[in-house]
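Listed here are the chains, written in short residue letters.
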Amino acid sequence: MNKLINILVLPGDGVGPEVISEAVKVINAISTIYNISLDINYGDFGGVAFDKHGSPLPDETRNKIIQSDAVLLGAVGGPKYDDLPKLNKPESGLLKLRKENNLFVNIRPIISFIELVNTSSIKKEYIENLDIVIIRELVSGLYFGEPRGFNKDKTEAFNTMRYTRSEIDRITGYAFKISQRRSKKLHSIDKANVLEVSQLWRSAVDEFSKNYEDVELHHMYVDNAAMQLVQNPKQFDVILTENLFGDILSDIASVLTGSIGMLPSASLNDKGFGVYEPIHGSAPDIADKNIVNPIATILSVAMLFEFTIERKDIYDHILEAVRRVLKSNKFTKDIASSDNYISTSDMGDNIVDKIKEIAHEKKI
Ligand code: IPM
Ligand code: MN
């Protein structure tokens with residue numbers, strides 16, 4: 001069966017359009033090699049959408065999302081939009097996109113490439129062959145809890161960390177299943193020594209673990225986890241955590257890989273729909289210079305093939321192509337150890353060449 005897959009591409013702001021162009025090259029190469037029928041559409045999202053339509057997530061884009069099987073997103077935000085009212089900010093478009101589509105699972109693989117061990121500020125022996133996955137709850141917690149806001153004269157502000165038992169259960173179930181397919185070790189990160197939400201979280205996770213006796217479960221406080229992630233990262237395999245803790249821990253974990261420019265992500269709901277995006281932001285300071293690293297977005301494309309199209313073999317193919325490019329000593333500025341680096345578009349072209357080379361070798 002060769003079902004047509006609809007991919008909606010939302011380049012967004014800052015470096016978003018540049019990384020997206022390279023990722024689309026990869027999508028096109030893969031669809032030719034594997035003879036997969038793909039339909040690629042584009043939509044406005046983030047600051048550019050606000051400029052054009054007065055909203056970071058316009059209805060036109062919402063409708064395109066409904067018609068798509070997967071969304072590939074660049075990045076949103078920039079100084080130009082910092083003073084907008086909250087609802088018009090690019091970031092609130094992103095949060096709405098996550099919430100409206102119930103993308104409660106956020107998967108953030110932390111994979112260290114051997115060629116980059118010297119780029120990280122952490123010593124080599126701690127990060128060689130590292131392979132961690134952070135499972136971050138994405139549509140609840142402090143990011144969305146009510147009540148929230150300011151008091152009348154803005155001398156006080158408040159947010160609410162709130163989780164229901166069922167919100168904890170569904171992300172926990174996902175994390176245990178992933179653990180079973182990996183090395184059966186799960187760290188649940190919370191702050192149960194202080195927060196009631198974390199106490200509920202911990203007891204829900206404990207209850208769940210009774211049905212997954214083959215998975216070794218550890219609970220860890222978030223402050224300790226932040227330290228352990230850099231002190232002894234190899235103790236982790238799957239990390240399960242709530243929204244804000246996951247946001248912070250994934251940036252810390254990016255240091256282990258050498259650059260945040262290497263980290264992809266997938267955000268999924270329970271209907272098989274996914275949004276794929278690099279973890280890095282819009283990086284306005286380096287936008288339009290053809291120097292941003294497109295690998296995070298290209299690996300997000302790999303995740304799209306793995307999760308939406310259920311082709312783990314294609315994920316592996318793209319990952320191997322990235323490895324080969326790094327092995328040939330080609331690096332973008334963020335991961336280069338000298339002034340000798342290649343541009344964003346050259347990195348994309350090199351990865352596409354390696355994708356073709358691998359296809360040729362494997363006679364695909
Ligand atoms: C991320 C980002 C977002 C978040 C921002 C841009 C709203 O930092 O995806 O990690 O905090 O979730
Ligand atoms: Mn973040």
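Residues numbered from 1 in each chain as written. Chains lettered and ligands numbered in written order. Predicted model: local features only at pLDDT ≥ 70, side-chain atom pairs only at ≥ 80, totals over all residues. Heavy atoms only, no water.

**What to know about the domain arrangement of the protein**
Now for step 1: Taken domain by domain, the protein holds domain 1 (1-103 + 295-364) and domain 2 (121-257).
Now for step 2: Tallying the contact residues gives 7 residues for domain 1 and 8 residues for domain 2.
Now for step 3: Carbon and sulfur atoms make up 59% of the surface buried where domain 1 meets domain 2, a total of about 740 Å² over both sides.
Now for step 4: Taken as a group, Leu95, Arg98 and Lys99 account for 55% of the area that domain 1 buries against domain 2, more than any other trio of residues on that side.
Now for step 5: For the pair domain 1 and domain 2, the interface holds 0 salt bridges. (Domains from an automatic or database assignment. Contact = heavy atoms within 4.5 Å. Buried area = accessible area lost by both parts, 1.4 Å probe. Salt bridge = Lys/Arg side-chain N within 4 Å of Asp/Glu carboxyl O.)

**A few points about the site of ligand 1**
Now for step 1: Neighbouring residues of ligand 1: Leu94, Arg98, Arg108, Arg136, Tyr143 and Asp247.
Now for step 2: Arg136 places a side-chain nitrogen or oxygen 2.9 Å from an oxygen atom of ligand 1.
Now for step 3: The separation between an oxygen atom of ligand 1 and a polar side-chain atom of Tyr143 is 2.5 Å.
Now for step 4: Here ligand 1, which alone exposes 320 Å², has 76% of that area covered by the protein. (Near = heavy atom within 4 Å. Polar contact = N/O pair within 3.5 Å; in protein donor to acceptor, adjacent residues only side chain to side chain. Areas by Shrake-Rupley, 256 points an atom, 1.4 Å probe, with all protein chains shown as cover.)

**What to know about the packing of aromatic side chains**
Now for step 1: This structure, assessed with the given rule, holds 4 aromatic pairs.
Now for step 2: Here Tyr163 and Trp201 contribute two aromatic rings whose centre-to-centre distance is 5.4 Å and whose plane-to-plane angle is 75°, an arrangement assigned as edge-to-face. Placement of Tyr163 in the loop between strand S7 (157-158) and helix H6 (165-181) and of Trp201 in helix H7 (residues 196-209) is noted, with a sequence separation of 38 residues between them. Here Tyr163 and Trp201 have matching classes, each one buried.
Now for step 3: Over the ring of Tyr143 we find Arg136, and its NZ or CZ is 5.3 Å from the ring centre.
Now for step 4: For Lys154, the ring lying beneath its charged end belongs to Phe150, and the centroid distance is 4.7 Å. (Phe/Tyr/Trp six-rings, centres within 6.5 Å; stacked < 30°, edge-to-face > 60°. Helix = DSSP H or I, 4+ residues; strand = E, 2+ residues; numbered from the N terminus. Buried < 20%, exposed > 50% of the residue type's maximum accessible area, 1.4 Å probe, protein only. Lys NZ or Arg CZ within 6 Å of the ring centre and 35° of its normal.)

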